[in-house]
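# Commentary on secondary and tertiary structure
Residues per chain, in single letters:
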Amino acid sequence: MTEKSGLPDIKSMLPDELSAALAALGEPPFRAKQVFKWLNAPVSSFEEMTNLPKSLREKLRERFTLYTPAVEQKQVSRLDGTVKYLWRLHDGSHVESVVMRYEHGNTVCVSSEVGCPMGCAFCASTIGGKVRNLSASEILDQVMYAQADSGLKISNIVLMGIGEPLDNFDNVIRFLRLVNDPDGMNIGMRHISLSTCGLVEKIDKLAGLGLQLTLSVSLHAPDDETRSKIMPVNRAYNVDTLLAACRRYFEKTGRRISFEYAMIRDVNDTPFHAALLAEKLAGTGSHVNLIPLNEVPESNLHPSAPETMRRFIETLERKNINVTVRRKLGPDIEASCGQLRRERERK
Ligand code: SAH
């Protein structure tokens, strides 16, 4: 939580930490709540916290850092109103967020790391590797500033942007506690989804916290041979190990897992894959979200044909597996995460 300047990042502090810090400065208890509320509003300096005494604003400025992201690039889809942001952070790093407009409310997709260490073959976010973790405040800012800039009230969050959220476990949990706080953005855990490529120990650790969020697991193949080819993480935790962790997660939290499956032509979309996927998920009540692969110029993987997808879905449905196909939002603005940042790095 301590930044380069040596001063703690105040927006990443939990309410009880903030209370302790302000008490140490000799401030009365109600101040902590006031400050916390300001930290959850899009203000870029302590100066703007106008209901705090000037002397306190001064003290805060000397003892803490307060960062805010800048909009480096913004794209608005003319087709469906999807808004995509490329943010520039205080150290010059870039991450992306996307605001999607659904009937059940506006959803923001946020990044959890600068780059990604996981190396999935089909993903733009991992091409340059991982640069660093995002702090809790840098994840929170994506929600706060996307809402402020777009004017769209955010009611749902998906941690499906750049990075592997469970690889940045502590900061991500801290972010969840902040964004869920009634004095903060107050977004309910049931309105939050976290997507992981399948870090088994971290899935167990998350289960132990008993949060009511939705866990999505990027499965993308039901067999080790295929999955290890496209997802290096499978060599550490194979399909059956991962599915066992998913069962434990459900038993512990009562929350059903949702599986993501990007359809890649001739790689994971054959009748063999459909049948094995149905067999492995049978009776779990899990949900499968099929995503037509988004082409990434650096890879030579391609999306499955619509007819192949249709047959794949039929096989799953015959075995009573619940399937949906992710609607493609913002097709005119490269709204798949990692692509804007990637384009910038290429320049
Ligand atoms: N690291 C996390 C979250 C980020 S990716 C995870 O792996 O789940 C969010 C989802 O988009 C994941 O399911 C990921 O596998 C998928 N994805 C990545 N690149 C994609 C692409 N080119 N086309 C379709 N889905 C993709």
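Keep in mind that this is a model prediction, so the values were computed, not measured. (Residues numbered from 1 in each chain as written. Predicted model: local features only at pLDDT ≥ 70, side-chain atom pairs only at ≥ 80, totals over all residues. Heavy atoms only, no water.)

### What about the pattern of salt bridges?
A full pass over the atoms with the stated rule returns 22 salt bridges. For Asp183, the salt bridge is made with Lys33, and the minimal N-O distance between the two is 3.8 Å. Residue Asp183 is found in the loop between α5 (169-180) and β8 (192-196), and its partner Lys33 is found in helix α2 (residues 30-39); the two are separated by 150 residues along the sequence. According to the relative accessible area criterion, Lys33 is partly exposed, its value standing at 47%. Lys130 is the partner of Glu113 in a salt bridge, and the nearest nitrogen-oxygen pair spans 3.2 Å. (Salt bridge = Lys/Arg side-chain N within 4 Å of Asp/Glu carboxyl O. Helix = DSSP H or I, 4+ residues; strand = E, 2+ residues; numbered from the N terminus. Buried < 20%, exposed > 50% of the residue type's maximum accessible area, 1.4 Å probe, protein only.)

### Brief notes about the site of the ligand
Surrounding the ligand, one finds 18 residues, the nearest of these being Phe122, Ser195, Ser218, His220 and Asn294. Phe122 places a polar main-chain atom, nitrogen or oxygen, 2.9 Å from a nitrogen atom of the ligand. Separating a nitrogen atom of the ligand from a backbone N or O atom of Asn294 is a distance of 2.9 Å. Isolated, the ligand exposes 530 Å² of accessible area, and the fraction of that covered by the protein chains is 90%. (Near = heavy atom within 4 Å. Polar contact = N/O pair within 3.5 Å; in protein donor to acceptor, adjacent residues only side chain to side chain. Areas by Shrake-Rupley, 256 points an atom, 1.4 Å probe, with all protein chains shown as cover.)

### Focus on α5
Taking 1.5 Å of rise per residue, 12 residues should cover 16 Å, and α5 covers 16 Å from first to last C-alpha, within 8% of that figure. Taken together, the buried positions of α5 are occupied by Phe169, Val172, Ile173, Arg174, Phe175, Leu176, Leu178 and Val179. If you follow the buried residues of α5, they end up packed against α1 (15-24), α2, α4 (136-150), β7 (154-159), β8 and α6 (200-209). (Expected span 1.5 Å × (residues − 1). Contact = heavy atoms within 4.5 Å.)

### Things to note about the environment of Ile230
Relative to the assigned elements, Ile230 resides in helix α7 (residues 224-230). For Ile230, a relative accessible area of 4% gives the class buried. Here the alpha-carbon distance between Ile230 and Phe122, two residues 108 residues apart in the chain, equals 7.1 Å. If we skip the residues at most four places from it in the chain, Ile230 touches Gly119, Cys120, Ala121, Phe122, His220, Ile264, Val267 and Asn268.

### Regarding the packing of aromatic side chains
What the rule picks out here adds up to 2 aromatic pairs. Seen in terms of ring centroids, Tyr85 and Trp87 are 4.7 Å apart; in terms of plane orientation they differ by 10 degrees. Their pairing is stacked. Classification of Tyr85 as buried rests on a relative accessible area of 0%. Overall, Trp87 belongs to the buried group, its relative accessible area being 1%. Their ring planes at 45 degrees and their centres at 5.2 Å tell us that Tyr261 and Phe312 sit as a pair that is tilted. Residue Tyr261 is located in strand β10 (residues 258-263), and its partner Phe312 is located in helix α10 (residues 306-318); the two are separated by 51 residues in the primary sequence. Residue class for Tyr261 comes out buried when judged on its relative accessible area of 1%. Its relative accessible area of 2% is what places Phe312 among the buried residues. (Phe/Tyr/Trp six-rings, centres within 6.5 Å; stacked < 30°, edge-to-face > 60°.)

### Examining the sheet that holds strand β9 (residues 214-218)
In spatial order, the strands read β1-β2-β3-β4-β7-β8-β9-β10-β11-β12; together these 10 strands make up an open sheet with mixed pairing. Two strands in the sheet have a free side with no partner beyond their single neighbour: β1 (70-76) and β12 (322-325). Across the sheet, the axes of successive neighbouring strands diverge by a mean angle of 25 degrees, strand direction being ignored. Sheet topology note: the β7/β8 ladder contains 3 bridges and is parallel. Bridge pairing links Leu159 to Leu194 in β8. On the sheet, α4 packs against β1, β2 (83-88), β3 (94-102), β4 (105-109) and β7 and is oriented at approximately 125 degrees with respect to β2. (Pairing = 2+ DSSP bridges. Axes fitted to C-alpha atoms, helices over the stretch in contact; angles between N-to-C directions.)

### What about the side chain of Ser216?
Tracing the sequence through the fold places Ser216 in strand β9. According to the relative accessible area criterion, Ser216 is buried, its value standing at 4%. Ser216 has contacts with Met160, Leu194, Ser195, Thr196, Ser258 and Glu260, leaving out every residue within four places of it along the chain.

### Observations concerning the environment of Met309
Structurally, Met309 is set in helix α10. Overall, Met309 belongs to the buried group, its relative accessible area being 9%. Counting along the chain gives 44 residues from Met309 to Arg265, while the straight-line C-alpha distance between them is 9.6 Å. If we ignore the near neighbours within four places in the chain, the residues touching Met309 are Met263, Leu290, Pro292, Ser304 and Val325.

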